[in-house]
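What the coordinates show
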Amino acid sequence: MRNLSFRVPRGGTLAIVGESGSGKSVTSLAAMGLLKFTGGRVTSGRITLNGPDGSTEITSASENVLRRIRGNRVSMIFQEPMSSLDPVFTVGNQITEALKLHRGMTSRTAKDEAARLLDLVRMPNARQQLDRYPHQLSGGMRQRVMIAMAVSCRPDLLIADEQTTALDVTIQAQILQIIRDMQAEFGTSAIFISHDMGVVSQMADEIVVMQGGRMMETGRARDVILTPSDDYTRALMAAVPRIGAMTGRDAPRPFPLLGEEDIAADHAVPEQAEPLVKLEGVTTRYDVTSGLLGRVTHRVHAAEDISFQIALGETLALVGESGSGKSTVGRTLQHLVAPVSGWILYRGTDILSLDPEKRARFKREIQYVFQDPVGSLNPRRTVRQSLIEPMRVHNLLTDPDRQVAELLQAVNLPSEHADRYPHEFSDGQRQRICIARALAVDPGLIIADETVSALDVSVQAQVINLMMRLQAERGLAYLFISLDMAVVERVSHRVAVMYLGEIVEIGTRRQIFENPQHPYTKRLLKAVPVMDPDTRPERVDLSGDIPGPVRPVGNPRRPHGFVEIASGHMMADDHQLFEQEQQGEIQA
Amino acid sequence: MWGYLLRRLFESALILLGITFVTFILLYLVPADPARQIAGRSATAETVANIRDQLGLNDPLFVQYWRYLAGLFQGDMGRSYLQRAEVASLIMARLPASLMLMVTAIVTELIIGLTIGVVAALRRNKPADHSLMIFSFVAISAPQFVIGILLLYVFAVQLGWFPIGGYGTWAHFVLPSVTLGLLGAGWYSRMMRSSMIEVLNQDLVRTARAKGLSKLRIVTRHVMPNAILPIIAMIGIDIGLFMSGIVVVESVFGWPGIGQLAWQAIQRVDIPVIMGVTMVSATAIVLGNLLADLVAPLIDPRIKTK
């Protein structure tokens, strides 16, 4: 990282944005004087902290001085609340630790203060939560604990490093609201480190854009977002999926990336007689056993009565938050798990009733691309070996060299790279390899399970454009599983919203995004941070967590009907039930 | 919790039952004839046959096994062929010495092993780390009888700090427990080192630093409790290692424990004694593992007893 300078005004918020490897997190560690623990060093320049009792130079301060600052005058919130909290100590223990250290409290007063802090971050039953362990809390609740810990000593500066990246959108909205409230309560300045332009636009007064360790642009948030002056910033902004950007369009459309403007045309679904895949009443449940004899006491209602269809060349997006059963539907479709009931028709054939041999052919037709390209590629196999294996299994191998070259070409990778290993590629390239591997067996349907969620925005835009081009060229159908509403709006023809294992609303993209009917869909859309510096977000309801899909045996979710809003736009008729669940009145 | 304990005890009993069967069959297949051993070389064939008859060695295998098992349930492990005493009383007379040795050896190996592991992890890739890891490598590779004799020579014969052998005072414990514990100390130091390094790289340490905690507090309060979790399960397995080590160590130091008893019994095909010692060590191993599994959830709240 080189030659970075910025100042955070008292009570104000500065955001540092950039993609992986840009030096965002290094900046935050430097501000805490923590860089030396990661093997780094500030070679030149100064970091100064001005407080009511004089200013401190962090870069030259001794470790003893720094320890009094850390957690006290400057504190941090990290991305992964599970791994950032100590699993073997109670939440209360971890909050009181800093209180006792910096504010000299006794155990008893520190405990009272910790309960008050948890109450402040709207933790339900704050006092009881003190004795719980991190693994007993949900992701959103853990992040609340982190925030309570960070503000416990009323810091002058709060550094939030990708603090909501791992959270669901509705939970993210709550956490952002809580941080805003804390800033107002304690007059704290903040540095937000994020790759999510929506979050940044909602929170920041000023923005620093970084790339490859350099500062590319800095200025007032509004100016940087609306009228970026630097080329990199402009490219970055163009790649950010913006919700609402597709309003009024029927068909999805690739991102207008630099050099790819010519392909930014609508992608309509070709007319056809019958759908490629049709699911009817598919239900998948997992048993939860307990007790001496392993009796089934609970069931995870992962997917309940799922019905939808996808045509050739069409993208159906499955959206919902964690535990909503999106991935289960994908896994059921590819027979990674067997459904309890329901039919899956592929080109008119009921594939669940086929014998295993015939079913193998249909497994070829439905391919999967996962979220984590590192974990889904064998690190000890070259790209060529990874691509050839599925073709060999399905007897499709005729001319390996030519086939591998064609596949790599299809995903815009040079065919010379066929003999490299996965670690020699970037994340985006690895994801392209995964897509190539799925294409290797010439499938009809690709299940893209959070395929682009872990990628940087510019890479994400490229991979999405690639997927859309492949769809147009090969007539692929996609089941696009995602929780990023802005990306979904960009890529999908139709959208199904899932909640607690059920589809609560399904319709064309315009119907769902422009005329959402179900309260959950509305809430989901409202929670998405919008990249528009002129609108400050509405206050969100801070209570409530996402209910879980685990239910006692013989106690399914109350059945309900569906209402048709418009042609092809269906919604679950369960509003009353939904409200009760949200208020915690119905416990599964 | 109680249901879990009950189930685990039931499982343990099943395992022990399996062990009685396997060892019984194995010893039955041994070609040496215990009756001949008891009678001595000069005995007539008739005497040997009489002894065989007396001991019930002519009964079918399953009758013998059943007799043994029925006795076992009443606390009767049979009589030694050679020592004219109940196996149970032979073992009970020697068990305390062995158990005491095991406890001191576990304490020794934990103190040595964990200390080395922690220091090596904190000084990773520095000279202190390298020399400590060489030490642990030697401790793992050196045969126990060599270490035992070496320690005896240096500290008992040359320096005269500790008695040369026998049992009685605390001074008698030092050399045998170090000999027995050194192997485990080598293993634990390596495990603790890598476990510490893993935890040191976790986000929770960054959080602790960001809180402004001192290095000492971070290591003792956050890193060590997390690092020690995988070690706990090992202690249970370790008791099995001790059982084999104890035979060697007790011989070297003339320790009056069940290791020596087993060694003598094996040499003279004293089947009831061999069976008895095997059962006692198997029980110790099974209980050790059970104990480790019961302690683990107390230290790691994420482990639930089901």
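Residues numbered from 1 in each chain as written. Chains lettered and ligands numbered in written order. Predicted model: local features only at pLDDT ≥ 70, side-chain atom pairs only at ≥ 80, totals over all residues. Heavy atoms only, no water.

Each pair of packed helices can be summarised by the angle the axes make with each other and by the distance between the axes. All names here are of chain B. Orientation of helix α5 (residues 87-122) relative to helix α8 (residues 170-200), taken along the N-to-C sense of each, is 35 degrees, at an axis distance of 4 Å. Seen along the crossing, α5 lies across α8 with a hand that is right-handed. Grouping the amino acids of the contact of α5 with α8 by side-chain chemistry returns 23 nonpolar, eight polar and two charged. (Axes fitted to C-alpha atoms, helices over the stretch in contact; angles between N-to-C directions. Helix = DSSP H or I, 4+ residues; strand = E, 2+ residues; numbered from the N terminus. Left-handed = near helix turned anticlockwise from the far one by under 90°. Nonpolar A, V, L, I, M, F, W, Y, C, P; charged D, E, K, R; others polar.)

We now examine the domain arrangement of chain B. Residues and elements named next belong to chain B. Structurally, chain B comprises domain 1 (2-87) and domain 2 (95-299). One C-alpha centre belongs to domain 1, the other to domain 2, and the line joining them spans 33 Å. Listed per partner, the contact involves 24 residues of domain 1 and 21 residues of domain 2. When domain 1 packs against domain 2, close to 2,100 Å² is buried across both sides, 77% of that on carbon and sulfur atoms. Linking domain 1 to domain 2 there are one salt bridge. With its nearest N and O atoms 2.7 Å apart, the salt bridge here joins R8 to D293. (Domains from an automatic or database assignment. Contact = heavy atoms within 4.5 Å. Buried area = accessible area lost by both parts, 1.4 Å probe. Salt bridge = Lys/Arg side-chain N within 4 Å of Asp/Glu carboxyl O.)

What follows is about the domain arrangement of chain A. All names here are of chain A. In terms of domain boundaries, chain A breaks down into domain 1 (13-239) and domain 2 (277-582). On a C-alpha basis, the centres of domain 1 and domain 2 stand 33 Å from each other. Between domain 1 and domain 2, the contact holds 32 residues from the first and 29 residues from the second. Surface buried jointly by domain 1 and domain 2 totals about 2,800 Å² across both partners, of which 54% is contributed by carbon and sulfur atoms. Inspection of the region where domain 1 meets domain 2 yields zero salt bridges. Of all elements in the fold, only α7 (139-151), α8 (169-186), α9 (197-203), α10 (221-226) and α11 (231-239) reach the threshold of two or more residues within the side of domain 1 that touches domain 2. Looking at the side of domain 1 that touches domain 2 element by element, the count peaks at ten residues for α8.

Once that is clear, we can look at the UniProt feature "transmembrane region" (unreviewed entry) in chain B. Residues given the UniProt feature "transmembrane region" (unreviewed entry) here are residues 12-30, 99-122, 134-155, 167-188, 227-253 and 273-296 of chain B. Secondary structure across residues 12-30 of chain B comprises 95% helix and 0% strand; the distance between its end C-alpha atoms is 27 Å. (UniProt positions renumbered as here; feature names shortened; annotations may be inferred.)

For residues with low pLDDT, the predicted coordinates do not support detailed interpretation. Scored by pLDDT, chain B has a mean of 83; 98% of the residues are at 70 or more. Across chain B, the secondary-structure element scoring lowest on mean pLDDT is helix α2 (residues 34-39) of chain B, at 72, and the one scoring highest is helix α10 (residues 215-227) of chain B, at 89. (pLDDT = per-residue confidence, 0-100.)

Here we come to unusual backbone geometry. Residue and element names in this part refer to chain A. One non-glycine residue, R154, lies in positive phi territory at about 50 degrees. Within the secondary structure layout, R154 lies in the loop between α7 and β5 (157-161). Backbone geometry places D305, a non-glycine residue, at a positive phi of 50 degrees. The topology assignment puts D305 in strand β10 (residues 295-310).

Here we come to the sheet that holds strand β15 (residues 445-449) of chain A. All names here are of chain A. Strand order in the open sheet made by the eight strands is β14-β15-β16-β11-β17-β18-β21-β20, with mixed pairing throughout. Two strands in the sheet have a free side with no partner beyond their single neighbour: β14 (366-369) and β20 (562-566). Between one strand axis and the next, the sheet turns by 20 degrees as a mean value, whatever way the strands run. Lying on the sheet, helix α12 (residues 326-333) is in contact with β11 (315-319), β14, β15, β16 (477-482) and β17 (494-499); it crosses β16 at an angle near 150 degrees. (Pairing = 2+ DSSP bridges.)

UniProt feature "domain: ABC transmembrane type-1" (unreviewed entry): in the numbering of this structure it lies at residues 95-296 of chain B. Between the end C-alpha atoms of residues 95-296 of chain B the distance is 27 Å, and the span holds 85% helix and 0% strand.

The next point concerns the sheet that holds strand β1 (residues 13-17) of chain A. Residues and elements named next belong to chain A. The strand order across the open sheet formed by six strands is β4-β5-β6-β1-β7-β8, and the pairing between neighbours is mixed. The open sheet has two free edges, formed respectively by β4 (74-77) and β8 (214-220), since each of these has just one partner strand. Sheet twist, expressed as the average angle between the axes of neighbouring strands with direction ignored, equals 15 degrees. As paired strands, β5 and strand β6 (residues 189-194) are joined by five bridges and run parallel to one another. Looking across to β6, one finds that I159 is bridged to I191. Sheet strands touched by α7: β4 and β5. Its angle to β4, the strand with the most contacts, is close to 175 degrees.

Residues and elements named next belong to chain A. Looking at where N412 falls in the secondary structure, it is placed in the loop between α16 (400-410) and α17 (427-439). The class of N412 is partly exposed, set by a relative accessible area of 45%. The spatial distance from the C-alpha of N412 to the C-alpha of I433 is 9.7 Å, given a sequence separation of 21 residues. The contacts of N412, once residues within four sequence positions are left out, are R432, L466 and R469. (Buried < 20%, exposed > 50% of the residue type's maximum accessible area, 1.4 Å probe, protein only.)

The accessible area lost on association of the parts is a frequent measure of interface size. Taken together, the 30 residues of chain A in the interface contact 23 residues of chain B. Where chain A meets chain B, there are two salt bridges. A salt bridge links E97 of chain A to K211 of chain B; the shortest N-O distance between them is 2.7 Å. Where chain A touches chain B, the interface holds eleven residue pairs in polar contact (both at pLDDT 80 or more). Among the elements of the structure, β4, α3 (81-84), α4 (91-103) and α7 of chain A are those that each provide at least two residues to the side of chain A that touches chain B. No other element matches α4 of chain A, which puts six residues into the side of chain A that touches chain B. Residue composition of the side of chain A that touches chain B, grouped by class: 17 nonpolar, eight polar and five charged. (Polar contact = N/O pair within 3.5 Å; in protein donor to acceptor, adjacent residues only side chain to side chain.)

This part covers the side chain of E19 of chain A. Residue and element names in this part refer to chain A. Within the secondary structure, E19 sits in the loop between β1 and α1 (24-31). Put simply, E19 is tucked away with no salt bridge, and the nearest opposite charge, on K24, sits 8.3 Å away. Among the polar contacts listed, one links the side chain of E19 to the side chain of Y232, at a separation of 3.1 Å. (Lys, Arg positive; Asp, Glu negative; His and termini not counted.)

What follows concerns the packing of helix α11 (residues 229-253) of chain B against helix α13 (residues 271-299) of chain B. Residue and element names in this part refer to chain B. Packing of α11 against α13 brings their axes to within 8 Å, and their N-to-C directions diverge by 170 degrees. It follows from the interaxial angle that α11 and α13 lie roughly antiparallel. On α13, the residues that touch L229, I232, A233, G236, I237, I239, G240 and M243 of α11 are S281, A284, I285, G288, N289, A292, V295 and I299. A class-by-class count of the residues in the contact of α11 with α13 yields eleven nonpolar, five polar and no charged. (Parallel < 35°, antiparallel > 145°, perpendicular 65-115°, else oblique.)

The nonpolar side chains of soluble globular proteins are, as a tendency, buried together. One finds I95, L118 and I207 of chain A to be the most contacted residues of the largest nonpolar core, which totals 137 residues. Of the domains in this structure, domain 1 (13-239) and domain 2 (277-582) of chain A are the two that each give at least three residues to this core. When residues no more than four places from it in sequence are discounted, the contact partners of I207 of chain A are A15, V17, V200, E217, T218, G219, A221, V224 and I225 of chain A. Within the second largest apolar cluster, 32 residues are counted, among which are Y65, A262, I274 and A282 of chain B. (Core = buried A, V, L, I, M, F, W, Y, C linked by side-chain atoms within 4.5 Å.)

Take the packing of aromatic side chains next. Residues and elements named next belong to chain A. Tallied over the full model, the rule gives ten aromatic pairs over all chains. Ring geometry for Y499 versus Y520: centroids 4.8 Å apart, planes at 40 degrees, classification tilted. Of the two residues, Y499 is situated in strand β17 and Y520 in helix α21 (residues 519-527); the sequence distance between them amounts to 21 residues. Like Y520, Y499 is buried. (Phe/Tyr/Trp six-rings, centres within 6.5 Å; stacked < 30°, edge-to-face > 60°.)

Attention shifts here to the environment of V553 of chain A. Residue and element names in this part refer to chain A. Tracing the backbone shows V553 in the loop between β19 (550-552) and β20. For V553, a relative accessible area of 39% puts it in the partly exposed group. Remark: the alpha-carbon pair of V553 and G212, spanning 341 residues in sequence, is separated by 54 Å. Residue contacts for V553: discarding those within four places in its chain leaves V296, T297, H298 and R299.

As a further point, take a nonpolar patch on the surface. Together, L150, Y153, V154, V157, L159, W161 and I164 of chain B line one region of the surface with nonpolar side chains, adding up to about 720 Å² of accessible area. Here V157 of chain B is to be found in helix α7 (residues 144-158). (Patch = residues over 30% accessible without salt bridge, like charges linked within 9 Å, V, L, I, M, F, W, Y side chains within 5 Å. Areas by Shrake-Rupley, 256 points an atom, 1.4 Å probe, with all protein chains shown as cover.)

It is worth spelling out the pattern of salt bridges at this point. Applying the stated criterion across every chain yields a total of 29 salt bridges over all chains. A salt bridge links R46 of chain A to E57 of chain A, with the nearest nitrogen and oxygen atoms 4.0 Å apart. Taken together, the residues R46 of chain A in the loop between α1 and β2 (48-51) and E57 of chain A in strand β3 (residues 54-57) connect sequence positions eleven residues apart. A single salt-bridge network, built from bridges that share partners, covers R7, R8, E11 and D293 of chain B.

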